[in-house]
Amino acid sequence: MGRAVTVLGHNTDSAFLVIAGVCVMLFLAIIGLTAYFVFRYRRSNGEIPEDIHGNALLETVWTVLPIFIVLYMFYYGWLGYDARRKAPEGALTVRAFAQMWAWSFEYENGVTSDRLVAPVGRPVKVALNSRDLIHSLYVPAFRMKQDAVPGLERTVWFTAEKTGEYDLFCTEYCGTGHSQMLSKAVVMEEAEFAAWLSGAPEAKAALATPSAGPSGAELFKSKGCVACHTTDGRPLVGPTLKGIFGKKVRVSTNGKEREVTIDEDYIRRSELEPASDVVVGFPPVMPPQKGVLKEEEIEALIEYIKSLK
Amino acid sequence: MASEGAGYLGGGGGPNGLSSWIFSTDHKRIGILYLVSILSFFVVGVSLGFLMRLELISHGPTIMEASTYNSVFTLHGVVMLFLFIIPATPSIFGNFFLPIMIGANDVSFPKLNLLSWWFYMAGAALALATLALGPADTGWTFYAPYSLRTGTYVSLAVFAVFVLGLSSILTGINFVTTVHRLRAPGMGFWRMPLFVWAVYATAWIQIVATPILGVNLLLVIAERVFGIGVFDPAKGGDPILYQHLFWIYSHPAVYIMILPGMGIISEIIPVFARKVIFGYRAIAYSSLGIAGVGSLVWGHHMFVSGSSYTAGVIFSFFTFLVAIPSAIKVFNWVGTLYKGSIWLGTPFFFALAFIFLFSIGGLTGLILGALSVNVHLHDTYFVVSHFHYIKFGGAGFAFFAGLHYWLPKMTGRMYNARVANWSCLILFIGFNTLFFPMLLLGIEGMPRRYFDYLPQYSTLQIVSIVGSWVLVAGLIIMFANLLRGAFRGARTTENPWGGATLEWKIPSPPGRENFEKIPEVTKGPYDFRGLR
């Protein structure tokens, strides 16, 4: 396994190594003894069986000894868990929002990002929320995971020890786009982070800083649209968006079919209340984006869709 | 299978039409009904699993879209758990052999027994109907609030599981009553074969835990149809409550799956070691121990779900304790081999494969039970691998061992032993090639239920997919050999393995009545004196 890059991650790794080590030894003992007995007492060896009904001492030993072994494992696992309980005082707080099928991270000064950006060496507390279903925030390199439950804010914390970009997954199954609900945890030097947080132009251009105005193409990816819609003409779960602007489509409105022309109003309505007009032949599964997308984001997306010729 | 003088199988002038089977109250015929139907659904489950693996051979949609993939893994879970592994051993071998092993002519409630099978078929029909209508895409766990919102036929799938639960409860009631009321003279509790002990402990879990699942499933339906708002946070409900109610049943259900399999292994090992089982009472008590402590560990599925810190610590503690009775069983099986005279027959090979695979399953369970480690491994491929080692490597291989041990008794014919041994080896290699890489994928952080994956996981995924092909090849060889054996195999004797339990004292296949005269039991189930 790749090395953990957080303090809590090292706790997890040492507990894993100790417990897995004991397990491997137990496994080798069981399988080794079985193989030896099968070989040593095979019928073709002319063995005469001896009826042994049991042995009270042996039963006691192999009941009590494993109890101590597993209690030791339990204790070791608990230690690392206890440390996760409370974030250190003065940790940087980030509010995370999960939704089908995208992440957004809000910083105290109002900056939001689709990546979890953090300074190296400083404790970061993530207050986790969900806008629709249960999701789960997972950064393997941090050994950090927590379910995002709607209506129930939960916090996790980490102190990253190394700068870099790390995979960030959703690990609670949340429908069609579940495996596309990916992002990155980006750990920066303190100065670089400060610059990024203030939206300064010298911050890395590659990192989307929404305050600078995201492009429609970036939003299309970061908001999870790509999980169901292509831009190359192939239908997925939802219709492709290639060249749809200005076209006529048949939609189902309250159970009745009708024909509409795709214009800006239609796209806006389809983003905010997708169930109001569902394109015939596709399931009504798109999550509504009302309260999720900001006005400028809606406009950017409309412009982007218009540009898909 | 049928030919003249084929006992309960009919022929020789007795009734043998379809209705003499599907309305039969003979526990042996009901056992065969379950055998045929459960194995048919197993084929469906294997096909779905095979397609799921194949889809992941390249990035993006290969043979199906994401939404199809999600339905396929949901159905794979529902079919394998509720239609195959939960009923397989108790309903097939429990029905067929439990009454014979305790010296009874049938179960306590033969008509209820038949009703259980009909409920089972009704549940199966409903579950497979969703396949045609629009299969659920929630995962077999039906987690709220996703299961409340998705547009697929969740209510029907959930109702199917509810009906299957009814079948399970009725079977449990029947077995508990039979064990208490119908033991032959001299068959005290401490003379019961360990398979009977295991099925008895299982039956109690079925009776006690399944109704909770039933309530939970009805609540999901009520929530979907009437919007009552018990689980939906948008209506003030609590989605974590769903998870509690679900796992209060579904964790003990893991023991419903594995305990009867352990019972089979406890039968096979002494017979092939030709000596009395080591620590009979320890094994019997450990079955009850697993049934008891196993109902206090459900919270270990929810360490990162947002339940309390204290709950996490307590559930982790019980999770480690439940390992003890399982370990006791393994130690006693290995102890039985000591100073035996071991005959390397096919059922014994499957039993050895069971010990190997179940040990991996059990020990990886300890790794998952540790709180801080669970945070990393929860909902990754590590968990997928762990429970396949338990349910397939454990319960599944034990079931295969049972097939090779008891089918000659059920059909009166023997399969080809050489082919059977080869199929065991191929299955063993295929299984490990398929599931061991998943442990490593999980440690590397690959989340489960992913339609697509990042490039760093490709190599191990491909190895695992190749393993699935070997496993399927092994299954085809094994079932072809067993089928051929059942219909065309050489006639076998009353007692081909030299077993000491009561089923080996009656003809193969058994007659219409198990015993012309109820036997008087005078010695223990693993007393091979006079049989060696």
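About the criteria used
Residues numbered from 1 in each chain as written. Chains lettered and ligands numbered in written order. Predicted model: local features only at pLDDT ≥ 70, side-chain atom pairs only at ≥ 80, totals over all residues. Heavy atoms only, no water. Helix = DSSP H or I, 4+ residues; strand = E, 2+ residues; numbered from the N terminus. Rg over C-alpha atoms; globule rule 2.2 N^0.38 Å. Buried < 20%, exposed > 50% of the residue type's maximum accessible area, 1.4 Å probe, protein only. Contact = heavy atoms within 4.5 Å. Areas by Shrake-Rupley, 256 points an atom, 1.4 Å probe, with all protein chains shown as cover. Expected span 1.5 Å × (residues − 1). Bend = angle between axes of the 7 residues up to and from the residue. Core = buried A, V, L, I, M, F, W, Y, C linked by side-chain atoms within 4.5 Å. Pairing = 2+ DSSP bridges. Buried area = accessible area lost by both parts, 1.4 Å probe. Salt bridge = Lys/Arg side-chain N within 4 Å of Asp/Glu carboxyl O. Polar contact = N/O pair within 3.5 Å; in protein donor to acceptor, adjacent residues only side chain to side chain. Patch = residues over 30% accessible without salt bridge, like charges linked within 9 Å, V, L, I, M, F, W, Y side chains within 5 Å. pLDDT = per-residue confidence, 0-100. Disulfide = S-S within 2.5 Å.

Caption draft 1: Highlighting the overall build of chain A. Looking only at helices and strands, one finds six helices and 13 strands in chain A. Over its C-alpha trace chain A gives a radius of gyration of 27 Å, far above what one expects of a compact globule, namely 19 Å for 309 residues. By principal-axis analysis of the C-alpha atoms, chain A measures approximately 90 × 50 × 30 Å. Buried positions account for 51% of the 309 residues belonging to chain A. Look at the contacts in chain A between residues 6 or more apart in sequence, and 62% of them connect residues 24 or more apart. For chain A, the accessible surface area stands at approximately 14,600 Å², while carbon and sulfur atoms represent 58% of it.

Caption draft 2: Spotlight on helix α3 (residues 66-101) of chain B. All names here are of chain B. In this model α3 runs 49 Å from its N-terminal to its C-terminal C-alpha over 36 residues, within 8% of the 52 Å that 1.5 Å per residue would give. Remark: the principal bend of α3, roughly 60°, maps to P87. Burial analysis of α3 places 34 of its 36 residues in the buried class, the great majority of the element. G103, located one to two residues past α3, shows a positive phi value of around 75°.

Caption draft 3: Examining the nonpolar core more closely. With 264 residues, the main nonpolar core has F142 of chain A together with F400 of chain B as its most contacted residues. Sorting elements by how many residues they give to this core places α3 of chain B first, with 22 residues. Apart from residues no more than four positions distant in its own chain, F400 of chain B is found in contact with F42, F350, F392, L427, L475, M478 and F479 of chain B. Among the nonpolar cores identified, the runner-up in size contains 20 residues, and F220, V249, V260 and I262 of chain A belong to it.

Caption draft 4: Structural view of helix α5 (residues 264-272) of chain A. Buried within α5 of chain A are the following residues: Y266, I267, S270, E271 and L272 of chain A. Check the buried side of α5 of chain A and you find it contacts β11 (248-253), β12 (256-261), β13 (278-279) and α6 (295-307) of chain A.

Caption draft 5: Focus on the sheet that holds β11 of chain A. Taken in spatial order, the three strands make up an open sheet running β12-β11-β13 (chain A), and their pairing is antiparallel. The open sheet has two free edges, formed respectively by β12 and β13 of chain A, since each of these has just one partner strand.

Caption draft 6: Expanded view of the interface of chain A and chain B. Opposite the 79 residues of chain A that make contact, chain B presents 85 residues. Here chain A meets chain B over a buried area of about 7,200 Å², counting both sides, of which 69% is carbon and sulfur. Taken together, the connections running from chain A to chain B amount to one salt bridge. Here E50 of chain A ties to K339 of chain B by a salt bridge, and the two come within 3.8 Å at their closest N and O atoms. At the junction of chain A with chain B, the criterion picks out 24 residue pairs in polar contact (both at pLDDT 80 or more).

Caption draft 7: The arrangement of a nonpolar patch on the surface in detail. A surface patch of nonpolar side chains, about 290 Å² in accessible area, is lined by I57, I462, V466 and W469 of chain B. I57 of chain B gets classed as partly exposed once you look at its relative accessible area, which sits at 33%.

Caption draft 8: Representation of the pattern of salt bridges in the model. Residues and elements named next belong to chain A. Applying the stated rule across the entire model yields 17 salt bridges over all chains. One salt bridge in this structure joins E264 and K306, with 2.5 Å as the shortest N-O distance. With E264 in helix α5 and K306 in helix α6, the pair connects residues that are 42 residues apart, well separated along the chain. In this structure, E295 and R268 form a salt bridge, with 3.2 Å as the shortest nitrogen-oxygen distance. Taken together, the residues E295 in helix α6 and R268 in helix α5 connect sequence positions 27 residues apart. Through salt bridges that share partners, R258, R269 and D277 make up one connected network.

Caption draft 9: Region of interest: the side chain of T74 of chain B. Residues and elements named next belong to chain B. Note that T74 resides in helix α3. What makes T74 buried here is its relative accessible area of 2%. Filtering out sequence-adjacent residues up to four positions away, T74 remains in contact with A136, D137, T138, G139 and W140.

Caption draft 10: Main features of the confidence of the model for chain B. Residues and elements named next belong to chain B. With 98% of its residues at a pLDDT of 70 or more, chain B shows a mean pLDDT of 92. When the elements of chain B are averaged for pLDDT, helix α5 (residues 146-149) gives the smallest value, 86, and helix α15 (residues 417-443) the largest, 97. Listed scores for the predicted complex are pTM 0.89 and ipTM 0.90.

Caption draft 11: Broad picture of the state of the cysteines. Residue and element names in this part refer to chain A. Going through the model one piece at a time under the given rule, you end up with zero disulfides over all chains. C170 forms no disulfide, and the closest cysteine sulfur to it belongs to C174, at a distance of 4.0 Å. Judged by relative accessible area, C170 falls into the buried class, the value being 0%.

Caption draft 12: Summary view of the side chain of H376 of chain B. Within the secondary structure, H376 of chain B is located in helix α13 (residues 371-377). A polar atom in the side chain of H376 of chain B sits 3.0 Å from the backbone oxygen of I443 of chain B.

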